[in-house]
Amino acid sequence: MGLTRLRGFQDLIGPDARAVGIVEDCARAVAERYSINEIRIPLLERLELYQRSTGETTDVVEKQMYAFADRDEAQTTLALRPEGTPGVVRAYIDAGLDRSDPEQRFYYYGPMFRRERPQKGRFRQFNQFGVEIFGRADAACDAELMIMTDEFRRELGLEVEFQVNSLGDANCRPAFRNALLEWGRAHLDKMCEDCHQRLERNPLRLLDCKVDAKLAESAPRSSDYLCEDCRKHFGMVEELLAKADVPYVVNPRLVRGLDYYTRTTFEVISKAVGAQSAVVAGGRYDGLVEALGGAAVAGTGFAIGVERIAIALETERFKIKGAPDAAIIAMGERATVSAVDLAKAMRGAGLRVELLSPERGLKALLRRADKIGARYALIVGENELARGVVQVRDLKASTQREIASGAVAAELAAAAND
Ligand code: HAM
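Parameters at a glance
- Residues numbered from 1 in each chain as written.
- Predicted model: local features only at pLDDT ≥ 70, side-chain atom pairs only at ≥ 80, totals over all residues.
- Heavy atoms only, no water.
- Patch = residues over 30% accessible without salt bridge, like charges linked within 9 Å, V, L, I, M, F, W, Y side chains within 5 Å.
- Areas by Shrake-Rupley, 256 points an atom, 1.4 Å probe, with all protein chains shown as cover.
- Salt bridge = Lys/Arg side-chain N within 4 Å of Asp/Glu carboxyl O.
- Lys, Arg positive; Asp, Glu negative; His and termini not counted.
- Charge placed at Lys NZ, Arg CZ, Asp CG, Glu CD.
- Helix = DSSP H or I, 4+ residues; strand = E, 2+ residues; numbered from the N terminus.
- 1 Å grid on protein atoms, 1.4 Å probe; cavity = no way out; pocket = protein on both sides within 12 Å on 5 of 7 lines; lining within 4 Å.
- Points joined across faces, edges and corners; volume = space filled by probe spheres on them.
- Nonpolar A, V, L, I, M, F, W, Y, C, P; charged D, E, K, R; others polar.
- Near = heavy atom within 4 Å.
- Polar contact = N/O pair within 3.5 Å; in protein donor to acceptor, adjacent residues only side chain to side chain.
- Buried < 20%, exposed > 50% of the residue type's maximum accessible area, 1.4 Å probe, protein only.
- Disulfide = S-S within 2.5 Å.
- Axes fitted to C-alpha atoms, helices over the stretch in contact; angles between N-to-C directions.
- Left-handed = near helix turned anticlockwise from the far one by under 90°.
- Contact = heavy atoms within 4.5 Å.
- Core = buried A, V, L, I, M, F, W, Y, C linked by side-chain atoms within 4.5 Å.
- Pairing = 2+ DSSP bridges.
- Phe/Tyr/Trp six-rings, centres within 6.5 Å; stacked < 30°, edge-to-face > 60°.

Together, Arg360, Lys363, Arg367, Arg368 and Lys371 line one region of the surface with positive charge. Looking at the element boundaries, Arg360 is found in the loop between β13 (353–355) and α14 (362–371).

What follows covers the layout of surface pockets. Considering only enclosed or pocket space, the second largest pocket measures out at about 530 Å³ in volume. Lining the second largest pocket are 26 residues, with Arg173, Asp259, Tyr260, Tyr261 and Thr262 positioned closest to its centre. For the lining of the second largest pocket, the elements supplying multiple residues, two or more each, are α2 (47–55), α7 (173–187), β9 (262–269) and α10 (288–291). Of the residues belonging to the lining of the second largest pocket, the class tally is 10 nonpolar, six polar and 10 charged.

Close to the ligand lie 26 residues, the nearest being Glu83, Thr85, Glu116, Glu132 and Tyr261. Note that an oxygen atom of the ligand is positioned 2.8 Å from one of the backbone N or O atoms of Ala278. Its free accessible area being 660 Å², the ligand has 96% of it covered by the protein chains. Looking at the shell around the ligand, the elements with two or more residues in it are β6 (125–134), β10 (278–284) and β11 (299–305). The leading source of residues in the shell around the ligand is β10, at six residues. In terms of residue class, the shell around the ligand is made up of 12 nonpolar, seven polar and seven charged.

A few words on empty space enclosed by the protein. Tallying each qualifying case throughout the model produces three cavities of 30 Å³ or more. Roughly 60 Å³ of internal volume is contained in the largest cavity. Every residue lining the largest cavity is listed: Tyr34, Ile36, Arg105, Ile133, Arg136, Cys141, Glu144 and Leu145. It is helix α6 (residues 139–156) that contributes the most residues to the lining of the largest cavity, three residues altogether. A per-class count over the lining of the largest cavity returns five nonpolar, no polar and three charged. For the second largest cavity, the calculated volume is near 40 Å³. Looking at the second largest cavity, the residues that line it are Trp183, Met191, Leu206, Leu207, Cys209, Asp212, Leu215 and Ala216. For the lining of the second largest cavity, the residue count by class is seven nonpolar, no polar and one charged.

A few words on the pattern of salt bridges. Enumeration over the complete set of coordinates arrives at 27 salt bridges. In this structure, Asp142 and Arg284 form a salt bridge, with 2.8 Å as the shortest nitrogen-oxygen distance. Of this pair, Asp142 sits in helix α6 while Arg284 sits in strand β10, placing them 142 residues apart in sequence. Classification of Asp142 by relative accessible area gives buried; the value is 2%. The exposure class of Arg284 is buried, given its relative accessible area of 0%. Of the charged contacts, one joins Arg284 and Asp286 as a salt bridge, the two residues approaching to 2.8 Å between their closest N and O atoms. Taking the relative accessible area as the measure of exposure, Asp286 reaches 24% and is therefore partly exposed. Linked by salt bridges that have partners in common, Glu24, Arg28, Glu38 and Arg40 make up one network.

Inspection of every chain in the model, using the stated rule, returns zero disulfides. Free of any disulfide, Cys230 has its nearest neighbouring cysteine sulfur in Cys227, separated by 3.7 Å. The buried category is assigned to Cys230, whose relative accessible area is 0%.

Moving on, we get to the packing of α6 against helix α9 (residues 228–243). The geometry of α6 relative to α9 is characterised by a closest axis approach of 8 Å and an angle of 35 degrees between their N-to-C directions. In the crossing of α6 with α9, the sense of the turn from one axis to the other is right-handed. The residues of α9 that touch α6, namely those facing Ala139, Ala140, Asp142, Ala143, Met146 and Ile147, are His233, Met236, Val237, Leu240 and Leu241. The residue makeup of the contact of α6 with α9, split by class, is nine nonpolar, one polar and one charged.

Before going further, it helps to examine the nonpolar core. Val131, Phe134, Phe152, Ile304 and Ile309 are the most contacted members of the largest nonpolar core, which totals 90 residues. Once residues within four sequence positions are removed from consideration, Val131 is found in contact with Ile36, Phe106, Tyr107, Tyr108, Leu145, Met148, Thr300, Gly301 and Phe302.

Take the packing of α7 against helix α8 (residues 193–201) next. Contact pair α7 / α8: the axes reach a minimum separation of 9 Å and the direction vectors enclose 145 degrees. You can see that α7 and α8 cross each other, and the crossing is left-handed. Side by side, α7 and α8 meet where Arg177, Leu181, Gly184 and Arg185 of the first sit next to Leu199, Glu200 and Arg201 of the second. Looking at side-chain class alone, the contact of α7 with α8 contains two nonpolar, one polar and four charged residues.

Once that is clear, we can look at the pairing of strand β4 (residues 77–80). Taken together, the three bridges between strand β2 (residues 44–46) and β4 define a ladder with antiparallel strand orientation. Bridged to Arg46 within β4 is Leu78. Of the strand pairs in this sheet, strand β3 (residues 67–69) and β4 are connected by three bridges, and their pairing is antiparallel. Paired with Ala67 across the two strands is Ala79, which belongs to β4.

A few words on the packing of aromatic side chains. Counted according to the given criterion, the structure contains 10 aromatic pairs. For the pair Tyr92 and Phe134, a centre-to-centre distance of 4.0 Å together with 10 degrees between the ring planes defines the contact as stacked. Placement of the pair is Tyr92 in helix α4 (residues 85–94) and Phe134 in strand β6, with a sequence separation of 42 residues. The class for Tyr92 is buried, based on a relative accessible area of 1%. For the ring pair Phe162 and Phe266, a centre distance of 6.4 Å and an interplane angle of 20 degrees mean the geometry is stacked.

As structure tokens, then:
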């Protein structure tokens, strides 16, 4: 067995890691503007948490969990998190916030694990940047989450379409579910193997049948079953989205693959990723806190698929490797001592500096400075040391001049800021 990386897992090296970092930084900056606080939660939880929230009959829990028995006496079954929402809800209840201070706004960033079939944009470990808002049942909150997502994608220059829907609530959802069940029974012969299982257990998922995409067009639409309150809520969401110029369409067949949703659901679609086109997804989950043992508090949120955004944005600016402002070349042992000092002073002035290995000759080191894309090569030899100067070679302009050692950091920092 070769020690290669696992299927569906990625090593992000250099520019690829940077691309993911840029997406994260952008999402973080936007979330901060919306007065949302960071939350960090564990990667491991009890499997039961996901069974009771994401849903036992969902593909995520049924087929894609990385779960194993712990070494404790009870052999508790643990699972790597496939998504962030259940853990955040658990943490919120654990901290007693559902009773003491229910209105909370959280964002999180980190890896999620799903044992899916790998393909472009679909990995077994991927990063989500998620937002969860508690204690807000109003439509403005749903709309603001989408407006926030829209700001984020605009900042990155990404073309997308928002698809929105309402799944109704405990009041009107049962009628929609029954209508789907009846429709499913009538069309079962045209559906896939999975749908035969889904029919009785989770009829909403029939709309995701991949065998005959056209079939879903004849299915009942959730919008035809909404009660008065749900209809009003969704109307308000639509009005606010239109006002904010969010490019959205209503997709009455958008049911989402996780069980906890009520009312508003949405997915953000980018054509640039291929088949895995949902780059952000979310919705309202008003019954979830209570279902997990907390108070009856409303919830709504979304998660950004960070790698999918990075793929969609595969532009030059993500491919720029971080090049140093200066590479320092020291010739001889005493010069090395002084070069370490010089590097420290330059970093203190905010410059990006790499001290090259003193074990090679000048020519090889100049080639190295060029290869790593350094703007300047700074050369310190015995002669320069004796005179208290540094040779500064501008590798872009191919010029060289001498600068007093004590002045190099300030001078190059000033030039970099021009
Ligand atoms: P989700 O639709 O399962 O929702 O995932 C959200 C996003 O994560 C997807 O739109 C996609 O961009 C990304 N994603 C999912 N699976 C993969 C994968 N295997 N590889 C790469 N990217 C992937 C949730 O997870 C909900 N917790 C969102 C939410 C938060 N709803 C309310 N609050």
